[in-house]
Amino acid sequence: MKLINKSIDKHGAGHVTLRPEDDEDMWHLYNLIQEGDSVRAPAIRRVQNVSSTGSTESHRVRLNLTLQVSRVEFSSSGQQDSSAAADAGTTSGQASGSTAFLNIAGKVISENQHVRLGAHHTLDLEPHRDVRIEKQFGWDSVALGRVAESTVPGRGAEVSAIVCGEGLATFCLLSQHMTVVVHRISTPVPRKSTGAGAERHEKALKKFYSLIHEGFLRHIPFSSPDMRAIVIASPGWVRDSVYDYLVSEATKSGNKSLQAAIREKVIKVHITSPHIHSLVEVLKSPQITAQLKETKFAKEGIMLDRFFKMLSTDEMRAWYGPDHVCLAADRGAIGTLLISDHLFRASDAPTRKRYVELVDAVQSKGGEVVIFSSMHESGQQLNQLTGIAALLTFPLDVEVVEREEREEAERLAAQEGDTQDAG
(Lines give C-alpha, C1' and ligand atoms only; values in the text may rest on other atoms or scores of the structure.)
Protein backbone atom coordinates (compact mmCIF):
# COMPACT_ATOMS: atom_id res chain seq x y z
CA MET A 1 0.00 0.00 0.00
CA LYS A 2 1.24 3.46 -0.85
CA LEU A 3 0.63 6.43 1.42
CA ILE A 4 -0.33 9.25 -0.95
CA ASN A 5 -1.31 11.89 1.58
CA LYS A 6 -1.78 12.18 5.34
CA SER A 7 -3.21 15.19 7.17
CA ILE A 8 -4.15 14.45 10.80
CA ASP A 9 -4.01 16.91 13.68
CA LYS A 10 -3.06 16.12 17.29
CA HIS A 11 -6.71 15.41 18.15
CA GLY A 12 -7.01 12.72 15.45
CA ALA A 13 -9.10 14.75 13.01
CA GLY A 14 -8.13 14.70 9.36
CA HIS A 15 -7.79 12.35 6.41
CA VAL A 16 -5.47 9.77 4.86
CA THR A 17 -5.20 8.95 1.16
CA LEU A 18 -3.99 5.44 0.32
CA ARG A 19 -3.37 3.47 -2.87
CA PRO A 20 -3.98 -0.29 -2.46
CA GLU A 21 -1.88 -2.64 -4.58
CA ASP A 22 -2.84 -6.21 -3.65
CA ASP A 23 -5.25 -8.43 -1.70
CA GLU A 24 -3.64 -7.70 1.63
CA ASP A 25 -4.02 -3.96 1.05
CA MET A 26 -7.74 -4.48 0.42
CA TRP A 27 -7.92 -6.33 3.76
CA HIS A 28 -6.22 -3.38 5.46
CA LEU A 29 -8.77 -0.99 3.93
CA TYR A 30 -11.59 -3.23 5.16
CA ASN A 31 -10.20 -2.92 8.68
CA LEU A 32 -9.76 0.86 8.37
CA ILE A 33 -13.14 1.84 6.91
CA GLN A 34 -16.09 1.84 9.33
CA GLU A 35 -19.72 2.89 9.23
CA GLY A 36 -19.98 6.68 9.44
CA ASP A 37 -16.56 7.35 7.88
CA SER A 38 -16.25 9.51 4.76
CA VAL A 39 -14.62 7.78 1.79
CA ARG A 40 -13.71 9.36 -1.54
CA ALA A 41 -12.80 7.08 -4.46
CA PRO A 42 -13.21 6.81 -8.26
CA ALA A 43 -16.44 5.44 -9.69
CA ILE A 44 -17.99 4.93 -13.14
CA ARG A 45 -21.53 6.19 -13.69
CA ARG A 46 -23.77 5.81 -16.73
CA VAL A 47 -25.15 9.24 -17.69
CA GLN A 48 -28.05 9.91 -20.08
CA ASN A 49 -28.26 13.12 -22.14
CA VAL A 50 -31.42 14.33 -23.93
CA SER A 51 -30.85 16.36 -27.09
CA SER A 52 -33.02 19.22 -28.37
CA THR A 53 -34.75 16.80 -30.74
CA GLY A 54 -35.74 14.52 -27.86
CA SER A 55 -33.32 11.70 -28.60
CA THR A 56 -31.32 10.25 -25.73
CA GLU A 57 -27.82 8.94 -25.60
CA SER A 58 -25.96 7.39 -22.69
CA HIS A 59 -22.29 7.20 -21.94
CA ARG A 60 -20.09 6.14 -19.04
CA VAL A 61 -18.40 8.85 -17.00
CA ARG A 62 -15.52 8.37 -14.59
CA LEU A 63 -15.88 10.57 -11.52
CA ASN A 64 -14.85 10.81 -7.87
CA LEU A 65 -17.56 10.27 -5.29
CA THR A 66 -17.51 10.94 -1.56
CA LEU A 67 -19.76 8.70 0.52
CA GLN A 68 -20.69 8.56 4.18
CA VAL A 69 -20.30 4.82 4.68
CA SER A 70 -23.27 2.73 5.79
CA ARG A 71 -22.00 -0.71 4.75
CA VAL A 72 -18.61 -2.36 4.06
CA GLU A 73 -18.22 -5.79 2.46
CA PHE A 74 -15.03 -7.75 1.87
CA SER A 75 -14.55 -10.98 -0.04
CA SER A 76 -11.37 -12.79 -0.97
CA SER A 77 -12.24 -14.81 -4.07
CA GLY A 78 -8.85 -16.47 -3.78
CA GLN A 79 -10.31 -18.45 -0.87
CA GLN A 80 -12.57 -20.27 -3.27
CA ASP A 81 -11.59 -23.05 -5.60
CA SER A 82 -9.50 -21.46 -8.32
CA SER A 83 -9.49 -24.24 -10.88
CA ALA A 84 -10.71 -21.84 -13.54
CA ALA A 85 -7.80 -19.55 -12.87
CA ALA A 86 -5.48 -22.52 -13.05
CA ASP A 87 -6.56 -23.20 -16.62
CA ALA A 88 -5.42 -19.72 -17.58
CA GLY A 89 -2.31 -19.80 -15.38
CA THR A 90 1.35 -19.97 -16.30
CA THR A 91 4.30 -21.97 -14.98
CA SER A 92 6.55 -19.02 -14.33
CA GLY A 93 6.28 -19.33 -10.55
CA GLN A 94 5.14 -15.71 -10.14
CA ALA A 95 2.32 -14.63 -7.86
CA SER A 96 -1.09 -13.93 -9.34
CA GLY A 97 -2.82 -10.53 -9.26
CA SER A 98 -5.33 -9.16 -6.80
CA THR A 99 -8.55 -11.15 -6.40
CA ALA A 100 -10.05 -9.53 -3.30
CA PHE A 101 -13.30 -7.59 -3.53
CA LEU A 102 -14.13 -4.57 -1.35
CA ASN A 103 -17.46 -2.82 -1.71
CA ILE A 104 -18.79 0.14 0.28
CA ALA A 105 -22.21 1.76 0.22
CA GLY A 106 -23.58 5.02 1.58
CA LYS A 107 -24.99 8.47 0.89
CA VAL A 108 -23.23 10.93 -1.40
CA ILE A 109 -22.09 13.85 0.79
CA SER A 110 -20.11 15.90 -1.73
CA GLU A 111 -21.73 17.76 -4.60
CA ASN A 112 -21.24 16.28 -8.05
CA GLN A 113 -22.70 17.31 -11.42
CA HIS A 114 -23.71 13.73 -12.26
CA VAL A 115 -24.93 12.48 -8.86
CA ARG A 116 -27.32 14.35 -6.60
CA LEU A 117 -26.43 15.08 -2.97
CA GLY A 118 -27.88 12.52 -0.57
CA ALA A 119 -28.30 9.80 -3.20
CA HIS A 120 -27.38 6.26 -2.19
CA HIS A 121 -24.45 4.83 -4.10
CA THR A 122 -21.96 1.98 -4.00
CA LEU A 123 -18.22 2.03 -4.66
CA ASP A 124 -16.09 -0.92 -5.67
CA LEU A 125 -12.64 -0.12 -4.34
CA GLU A 126 -9.95 -1.33 -6.74
CA PRO A 127 -6.19 -1.83 -6.59
CA HIS A 128 -4.02 1.03 -7.88
CA ARG A 129 -6.79 3.61 -7.38
CA ASP A 130 -6.53 6.19 -4.59
CA VAL A 131 -8.90 6.06 -1.61
CA ARG A 132 -9.32 9.04 0.73
CA ILE A 133 -10.59 8.17 4.24
CA GLU A 134 -11.80 10.57 6.93
CA LYS A 135 -12.77 8.94 10.22
CA GLN A 136 -16.09 9.97 11.81
CA PHE A 137 -14.68 9.86 15.33
CA GLY A 138 -11.06 10.65 14.49
CA TRP A 139 -7.99 8.49 13.95
CA ASP A 140 -7.21 6.46 17.07
CA SER A 141 -3.95 4.64 17.84
CA VAL A 142 -5.10 1.31 16.37
CA ALA A 143 -6.17 2.86 13.05
CA LEU A 144 -2.94 4.87 12.77
CA GLY A 145 -0.97 1.73 13.59
CA ARG A 146 -2.77 -0.11 10.79
CA VAL A 147 -1.88 2.66 8.32
CA ALA A 148 1.78 2.61 9.39
CA GLU A 149 1.98 -1.18 9.15
CA SER A 150 0.23 -1.43 5.78
CA THR A 151 2.48 1.14 4.11
CA VAL A 152 5.79 -0.55 4.98
CA PRO A 153 7.41 -1.35 1.60
CA GLY A 154 8.47 -4.84 0.53
CA ARG A 155 5.55 -6.83 1.94
CA GLY A 156 4.10 -9.89 0.21
CA ALA A 157 3.45 -13.59 0.62
CA GLU A 158 6.31 -15.02 2.67
CA VAL A 159 5.19 -18.63 3.04
CA SER A 160 3.47 -21.08 0.71
CA ALA A 161 1.86 -24.22 2.06
CA ILE A 162 0.56 -27.39 0.47
CA VAL A 163 -1.63 -29.15 3.02
CA CYS A 164 -2.26 -32.62 1.66
CA GLY A 165 -3.42 -36.16 2.24
CA GLU A 166 -3.95 -39.06 -0.10
CA GLY A 167 -5.99 -37.59 -2.98
CA LEU A 168 -6.47 -34.18 -1.29
CA ALA A 169 -4.36 -31.02 -1.48
CA THR A 170 -4.92 -27.36 -0.59
CA PHE A 171 -2.50 -24.69 -1.82
CA CYS A 172 -2.20 -21.58 0.40
CA LEU A 173 -0.25 -18.33 0.38
CA LEU A 174 0.45 -16.73 3.76
CA SER A 175 1.30 -13.06 4.11
CA GLN A 176 1.45 -10.93 7.24
CA HIS A 177 -2.32 -10.58 7.54
CA MET A 178 -3.91 -13.09 5.18
CA THR A 179 -4.09 -16.78 4.40
CA VAL A 180 -5.42 -17.18 0.86
CA VAL A 181 -6.37 -20.53 -0.62
CA VAL A 182 -5.28 -20.33 -4.26
CA HIS A 183 -5.99 -23.89 -5.43
CA ARG A 184 -7.58 -27.18 -4.33
CA ILE A 185 -7.17 -30.74 -5.58
CA SER A 186 -9.52 -33.61 -4.84
CA THR A 187 -9.08 -36.82 -6.81
CA PRO A 188 -10.16 -40.37 -5.88
CA VAL A 189 -7.42 -42.83 -4.89
CA PRO A 190 -8.67 -46.44 -4.58
CA ARG A 191 -7.49 -48.59 -1.72
CA LYS A 192 -4.30 -50.54 -2.23
CA SER A 193 -4.84 -54.27 -2.69
CA THR A 194 -3.29 -57.16 -4.55
CA GLY A 195 -3.27 -57.65 -8.31
CA ALA A 196 -5.17 -55.16 -10.47
CA GLY A 197 -6.20 -53.15 -7.38
CA ALA A 198 -2.58 -52.33 -6.58
CA GLU A 199 -2.02 -51.19 -10.16
CA ARG A 200 -5.07 -48.86 -10.03
CA HIS A 201 -3.86 -47.49 -6.70
CA GLU A 202 -0.40 -46.66 -8.08
CA LYS A 203 -1.88 -45.13 -11.23
CA ALA A 204 -4.21 -42.88 -9.19
CA LEU A 205 -1.33 -41.78 -6.93
CA LYS A 206 0.82 -40.90 -9.94
CA LYS A 207 -2.04 -38.79 -11.33
CA PHE A 208 -2.42 -37.09 -7.92
CA TYR A 209 1.30 -36.24 -7.73
CA SER A 210 1.17 -34.93 -11.29
CA LEU A 211 -1.72 -32.60 -10.36
CA ILE A 212 0.23 -31.33 -7.35
CA HIS A 213 3.26 -30.67 -9.57
CA GLU A 214 1.11 -28.69 -12.02
CA GLY A 215 -0.51 -26.76 -9.16
CA PHE A 216 2.89 -26.04 -7.67
CA LEU A 217 4.13 -24.49 -10.90
CA ARG A 218 0.97 -22.45 -11.42
CA HIS A 219 0.16 -21.23 -7.94
CA ILE A 220 3.32 -21.20 -5.80
CA PRO A 221 5.58 -18.15 -6.44
CA PHE A 222 8.66 -20.27 -5.76
CA SER A 223 11.07 -17.95 -7.55
CA SER A 224 9.96 -14.83 -5.67
CA PRO A 225 12.71 -13.42 -3.43
CA ASP A 226 10.02 -12.65 -0.78
CA MET A 227 9.13 -16.34 -0.48
CA ARG A 228 10.98 -17.56 2.61
CA ALA A 229 9.55 -21.06 2.96
CA ILE A 230 7.44 -23.58 1.06
CA VAL A 231 5.76 -26.04 3.41
CA ILE A 232 4.55 -29.50 2.38
CA ALA A 233 2.43 -30.77 5.28
CA SER A 234 0.54 -34.03 5.64
CA PRO A 235 -0.25 -36.92 7.92
CA GLY A 236 1.72 -40.08 7.24
CA TRP A 237 4.06 -40.46 4.28
CA VAL A 238 2.29 -38.31 1.66
CA ARG A 239 4.56 -35.26 2.13
CA ASP A 240 7.68 -37.35 1.47
CA SER A 241 6.21 -38.83 -1.70
CA VAL A 242 5.11 -35.38 -2.95
CA TYR A 243 8.57 -33.95 -2.23
CA ASP A 244 10.31 -36.81 -4.07
CA TYR A 245 8.00 -36.39 -7.08
CA LEU A 246 8.67 -32.64 -7.26
CA VAL A 247 12.43 -33.23 -7.09
CA SER A 248 12.20 -35.87 -9.82
CA GLU A 249 10.16 -33.65 -12.17
CA ALA A 250 12.41 -30.63 -11.59
CA THR A 251 15.44 -32.77 -12.47
CA LYS A 252 13.80 -34.23 -15.59
CA SER A 253 12.76 -30.80 -16.89
CA GLY A 254 16.08 -29.14 -16.02
CA ASN A 255 14.21 -26.30 -14.27
CA LYS A 256 17.08 -24.75 -12.30
CA SER A 257 14.97 -22.20 -10.39
CA LEU A 258 12.54 -24.93 -9.29
CA GLN A 259 15.42 -27.17 -8.22
CA ALA A 260 16.91 -24.33 -6.16
CA ALA A 261 13.55 -23.49 -4.57
CA ILE A 262 12.93 -27.10 -3.56
CA ARG A 263 16.44 -27.46 -2.18
CA GLU A 264 16.52 -24.15 -0.26
CA LYS A 265 12.89 -23.39 0.71
CA VAL A 266 10.86 -26.59 1.06
CA ILE A 267 10.14 -27.77 4.60
CA LYS A 268 8.26 -31.03 5.30
CA VAL A 269 5.96 -30.92 8.35
CA HIS A 270 3.83 -33.59 9.99
CA ILE A 271 0.19 -32.68 10.75
CA THR A 272 -2.72 -34.71 12.11
CA SER A 273 -5.32 -33.81 9.46
CA PRO A 274 -5.08 -33.04 5.70
CA HIS A 275 -7.29 -29.94 5.99
CA ILE A 276 -6.56 -26.21 6.09
CA HIS A 277 -7.25 -25.81 9.82
CA SER A 278 -4.04 -27.81 10.35
CA LEU A 279 -2.10 -24.68 9.33
CA VAL A 280 -2.07 -23.81 13.03
CA GLU A 281 -0.05 -26.98 13.62
CA VAL A 282 2.27 -26.02 10.77
CA LEU A 283 2.99 -22.54 12.13
CA LYS A 284 3.87 -23.77 15.61
CA SER A 285 6.11 -26.63 14.41
CA PRO A 286 9.78 -26.23 15.43
CA GLN A 287 10.99 -26.19 11.80
CA ILE A 288 8.76 -23.22 10.96
CA THR A 289 9.11 -21.21 14.16
CA ALA A 290 12.90 -21.35 13.94
CA GLN A 291 12.88 -19.96 10.40
CA LEU A 292 9.93 -17.56 10.60
CA LYS A 293 9.89 -16.42 14.23
CA GLU A 294 9.99 -12.72 13.21
CA THR A 295 6.90 -12.88 10.97
CA LYS A 296 3.51 -11.75 12.25
CA PHE A 297 1.54 -14.89 11.42
CA ALA A 298 4.10 -17.21 13.01
CA LYS A 299 4.07 -15.06 16.15
CA GLU A 300 0.28 -15.28 16.29
CA GLY A 301 0.43 -19.08 16.18
CA ILE A 302 3.13 -19.22 18.85
CA MET A 303 1.28 -16.85 21.21
CA LEU A 304 -2.04 -18.68 20.82
CA ASP A 305 -0.32 -22.00 21.51
CA ARG A 306 1.34 -20.46 24.59
CA PHE A 307 -2.05 -19.22 25.83
CA PHE A 308 -3.71 -22.64 25.51
CA LYS A 309 -0.81 -24.32 27.30
CA MET A 310 -1.04 -21.76 30.11
CA LEU A 311 -4.82 -22.26 30.29
CA SER A 312 -4.31 -25.99 30.84
CA THR A 313 -1.46 -25.69 33.38
CA ASP A 314 -2.11 -22.42 35.28
CA GLU A 315 -5.56 -21.05 34.45
CA MET A 316 -5.18 -18.12 36.88
CA ARG A 317 -2.63 -16.64 34.45
CA ALA A 318 -4.70 -17.20 31.29
CA TRP A 319 -7.85 -15.10 31.07
CA TYR A 320 -10.23 -14.57 28.15
CA GLY A 321 -13.44 -12.70 27.43
CA PRO A 322 -13.84 -8.89 27.26
CA ASP A 323 -15.00 -8.32 30.86
CA HIS A 324 -12.40 -10.54 32.50
CA VAL A 325 -9.53 -9.22 30.36
CA CYS A 326 -10.51 -5.62 31.19
CA LEU A 327 -10.49 -6.49 34.90
CA ALA A 328 -6.98 -7.93 34.54
CA ALA A 329 -5.88 -4.77 32.72
CA ASP A 330 -7.26 -2.58 35.53
CA ARG A 331 -4.94 -4.44 37.91
CA GLY A 332 -1.92 -4.06 35.63
CA ALA A 333 -1.63 -7.84 35.36
CA ILE A 334 -1.48 -8.30 31.58
CA GLY A 335 1.86 -9.34 30.17
CA THR A 336 0.55 -10.16 26.66
CA LEU A 337 -2.81 -9.16 25.20
CA LEU A 338 -4.17 -11.31 22.36
CA ILE A 339 -6.92 -9.47 20.49
CA SER A 340 -8.62 -10.08 17.13
CA ASP A 341 -8.87 -7.36 14.50
CA HIS A 342 -12.53 -8.41 14.25
CA LEU A 343 -13.26 -6.54 17.50
CA PHE A 344 -12.02 -3.24 16.06
CA ARG A 345 -14.62 -3.50 13.27
CA ALA A 346 -17.44 -2.98 15.77
CA SER A 347 -20.17 -0.83 14.21
CA ASP A 348 -20.74 1.23 17.37
CA ALA A 349 -18.05 3.70 18.39
CA PRO A 350 -18.16 3.04 22.19
CA THR A 351 -17.33 -0.65 21.69
CA ARG A 352 -14.38 0.10 19.43
CA LYS A 353 -13.22 2.84 21.79
CA ARG A 354 -13.28 0.35 24.69
CA TYR A 355 -10.87 -2.00 22.88
CA VAL A 356 -8.61 0.83 21.69
CA GLU A 357 -8.34 2.14 25.27
CA LEU A 358 -7.58 -1.40 26.46
CA VAL A 359 -4.72 -1.70 23.94
CA ASP A 360 -3.35 1.70 24.96
CA ALA A 361 -3.58 0.82 28.68
CA VAL A 362 -1.71 -2.47 28.27
CA GLN A 363 1.03 -0.84 26.20
CA SER A 364 1.38 2.08 28.62
CA LYS A 365 2.13 -0.41 31.43
CA GLY A 366 4.80 -2.21 29.40
CA GLY A 367 2.62 -5.08 28.19
CA GLU A 368 2.78 -6.60 24.71
CA VAL A 369 -0.19 -6.45 22.33
CA VAL A 370 -0.62 -8.96 19.51
CA ILE A 371 -3.45 -8.08 17.09
CA PHE A 372 -4.55 -11.27 15.33
CA SER A 373 -5.75 -11.28 11.73
CA SER A 374 -9.13 -12.95 11.19
CA MET A 375 -7.81 -14.10 7.81
CA HIS A 376 -5.38 -16.49 9.50
CA GLU A 377 -6.38 -19.78 11.11
CA SER A 378 -5.01 -18.62 14.48
CA GLY A 379 -7.18 -15.50 14.32
CA GLN A 380 -10.26 -17.59 13.59
CA GLN A 381 -9.48 -19.79 16.59
CA LEU A 382 -9.15 -16.69 18.79
CA ASN A 383 -12.50 -15.42 17.47
CA GLN A 384 -14.09 -18.66 18.69
CA LEU A 385 -12.67 -17.81 22.13
CA THR A 386 -14.49 -14.41 22.23
CA GLY A 387 -11.74 -12.70 20.20
CA ILE A 388 -9.74 -11.55 23.22
CA ALA A 389 -7.45 -13.24 25.72
CA ALA A 390 -4.51 -12.37 27.96
CA LEU A 391 -1.44 -13.96 29.49
CA LEU A 392 -0.97 -12.50 32.97
CA THR A 393 2.33 -11.66 34.63
CA PHE A 394 1.02 -12.94 37.97
CA PRO A 395 -1.91 -15.23 38.89
CA LEU A 396 -5.33 -13.81 39.62
CA ASP A 397 -8.41 -15.72 40.75
CA VAL A 398 -11.40 -14.65 38.63
CA GLU A 399 -13.91 -15.30 41.45
CA VAL A 400 -11.88 -13.28 43.96
CA VAL A 401 -11.50 -10.36 41.54
CA GLU A 402 -15.21 -10.35 40.72
CA ARG A 403 -16.09 -10.42 44.44
CA GLU A 404 -13.75 -7.47 45.07
CA GLU A 405 -15.42 -5.58 42.22
CA ARG A 406 -18.88 -6.20 43.71
CA GLU A 407 -17.76 -5.15 47.19
CA GLU A 408 -16.20 -1.97 45.80
CA ALA A 409 -19.38 -1.16 43.87
CA GLU A 410 -21.48 -1.70 47.01
CA ARG A 411 -19.12 0.48 49.07
CA LEU A 412 -19.32 3.32 46.56
CA ALA A 413 -23.11 3.03 46.39
CA ALA A 414 -23.36 3.17 50.20
CA GLN A 415 -20.99 6.14 50.33
CA GLU A 416 -23.06 7.96 47.74
CA GLY A 417 -26.22 7.24 49.77
CA ASP A 418 -24.63 8.63 52.97
CA THR A 419 -23.59 11.77 51.11
CA GLN A 420 -27.14 12.35 49.85
CA ASP A 421 -28.57 11.80 53.36
CA ALA A 422 -26.11 14.31 54.82
CA GLY A 423 -27.13 16.86 52.20
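Residues numbered from 1 in each chain as written. Predicted model: local features only at pLDDT ≥ 70, side-chain atom pairs only at ≥ 80, totals over all residues. Heavy atoms only, no water.

**Let's talk about the overall build of the protein**
For step 1, the next point in the chain: Across its full length, the protein carries 13 helices and 16 strands.
For step 2, the next point in the chain: When the backbone C-alpha atoms are referred to their principal axes, the protein occupies close to 100 × 85 × 35 Å.
For step 3, the next point in the chain: Sorting the 423 residues of the protein into buried and exposed places 47% on the buried side.
For step 4, the next point in the chain: Long-range contacts, defined here as pairs at least 24 residues apart, represent 71% of the contacts in the protein between residues at least 6 apart. (Helix = DSSP H or I, 4+ residues; strand = E, 2+ residues; numbered from the N terminus. Buried < 20%, exposed > 50% of the residue type's maximum accessible area, 1.4 Å probe, protein only. Contact = heavy atoms within 4.5 Å.)

**A look at the sheet that holds strand E14 (residues 334-340)**
For step 1, the next point in the chain: The mixed open sheet is built from four strands, whose spatial order is E13-E16-E14-E15. Of all strands in the sheet, those with a lone pairing partner are strand E13 (318-320) and strand E15 (368-372), marking the two edges. Averaged over neighbouring strand pairs, the angle between their axes works out to 15° when direction is ignored.
For step 2, the next point in the chain: Sheet strands in contact with helix H10 (residues 322-330) are E13, E14 and strand E16 (388-392), and its direction is about 130° off that of E13.
For step 3, the next point in the chain: On top of the sheet, helix H12 (residues 377-384) reaches E14, E15 and E16; it is set at about 100° to E14, its chief contact. (Pairing = 2+ DSSP bridges. Axes fitted to C-alpha atoms, helices over the stretch in contact; angles between N-to-C directions.)

**Some remarks on the sheet that holds strand E9 (residues 168-174)**
Through backbone hydrogen bonds, the strands of a sheet pair up, either in parallel or in antiparallel fashion.
For step 1, the next point in the chain: Pairing is mixed across the open sheet formed by five strands, whose spatial order is E10-E9-E8-E11-E12. Either end of the sheet is taken by a strand with one partner, and the two such strands are strand E10 (179-186) and strand E12 (266-270). Strand-to-strand twist in this sheet, taken as the mean axis angle between neighbours without regard to direction, amounts to 20°.
For step 2, the next point in the chain: Looking at chain direction, strand E11 (residues 229-234) and E12 are connected through five bridges and run parallel.

**Description of the packing of helix H9 (residues 296-313) against H12**
For step 1, the next point in the chain: Orientation of H9 relative to H12, taken along the N-to-C sense of each, is 35°, at an axis distance of 9 Å. Note that H9 runs across H12; the crossing there is left-handed. Contacts between H9 and H12 involve Glu300, Gly301, Leu304 and Phe308 from the first element and Ser378, Gln381 and Leu382 from the second.
For step 2, the next point in the chain: Split into classes, the residues belonging to the contact of H9 with H12 amount to three nonpolar, three polar and one charged. (Left-handed = near helix turned anticlockwise from the far one by under 90°. Nonpolar A, V, L, I, M, F, W, Y, C, P; charged D, E, K, R; others polar.)

**What about the pairing of strand E1 (residues 2-8)?**
For step 1, the next point in the chain: Across six bridges, E1 lies against strand E2 (residues 14-19) in antiparallel orientation. Directly across from Ser7, in E2, lies its bridge partner His15.
For step 2, the next point in the chain: Hairpin connection from E1 to E2: five residues lie between these consecutive antiparallel strands, with Gly12 at a positive phi of about 95°.

**With respect to the packing of aromatic side chains**
For step 1, the next point in the chain: All told, the structure shown has eight aromatic pairs when counted by the stated rule.
For step 2, the next point in the chain: Ring centres of Trp27 and Phe74 lie 5.2 Å apart, and the angle between their planes is 65°; on these two criteria the pair is classed as edge-to-face. With Trp27 in helix H1 (residues 23-32) and Phe74 in strand E4 (residues 56-76), this pair connects stretches of sequence that are 47 residues apart. Like Trp27, the residue Phe74 is buried in the burial classification.
For step 3, the next point in the chain: A centroid spacing of 5.9 Å and a plane angle of 40° characterise the contact between Tyr209 and Tyr245, whose relative ring orientation is tilted. Of the two residues, Tyr209 sits in helix H4 (residues 196-219) while Tyr245 sits in helix H5 (residues 238-253), which places them 36 residues apart along the sequence. Tyr245 matches Tyr209 in its accessibility class, with the two residues each being buried.
For step 4, the next point in the chain: Linked through ring pairs, Trp27, Tyr30 and Phe74 together constitute an aromatic cluster. (Phe/Tyr/Trp six-rings, centres within 6.5 Å; stacked < 30°, edge-to-face > 60°.)

**Observations concerning unusual backbone geometry**
Residues other than glycine predominantly adopt negative phi, and peptide bonds predominantly adopt the trans conformation.
For step 1, the next point in the chain: Phi at His128 is positive, roughly 70°, even though this residue is not glycine.
For step 2, the next point in the chain: Structurally, His128 can be placed in the loop between strand E6 (120-125) and strand E7 (131-134).
For step 3, the next point in the chain: His128 gets classed as exposed once you look at its relative accessible area, which sits at 54%.
For step 4, the next point in the chain: In this structure, Thr386 takes a positive phi of about 75° despite not being glycine.

**A look at the pattern of salt bridges**
For step 1, the next point in the chain: Counted by the stated rule, this structure contains 19 salt bridges.
For step 2, the next point in the chain: Here Arg146 and Asp341 are joined by a salt bridge, their closest N and O atoms 3.7 Å apart. Here Arg146, found in helix H3 (residues 141-150), pairs with Asp341, found in the loop between E14 and helix H11 (349-364); they are 195 residues apart in sequence, far enough to count as distant. Judged on exposure class, the residue Arg146 and its partner Asp341 are both buried.
For step 3, the next point in the chain: As a salt-bridge pair, Arg331 and Glu405 come within 3.1 Å of each other at their nearest N and O atoms. Separated by 74 residues along the polypeptide, Arg331 in the loop between H10 and E14 and Glu405 in helix H13 (residues 398-422) bring together distant segments of the chain.
For step 4, the next point in the chain: Among the residues examined, Arg331 registers a relative accessible area of 26% and is labelled partly exposed.
For step 5, the next point in the chain: Glu405 gets classed as partly exposed once you look at its relative accessible area, which sits at 32%.
For step 6, the next point in the chain: Overlapping salt bridges bring together Arg146, Asp341 and Arg345 as one network. (Salt bridge = Lys/Arg side-chain N within 4 Å of Asp/Glu carboxyl O.)

Worth remembering: the numbers are spatial, not functional.
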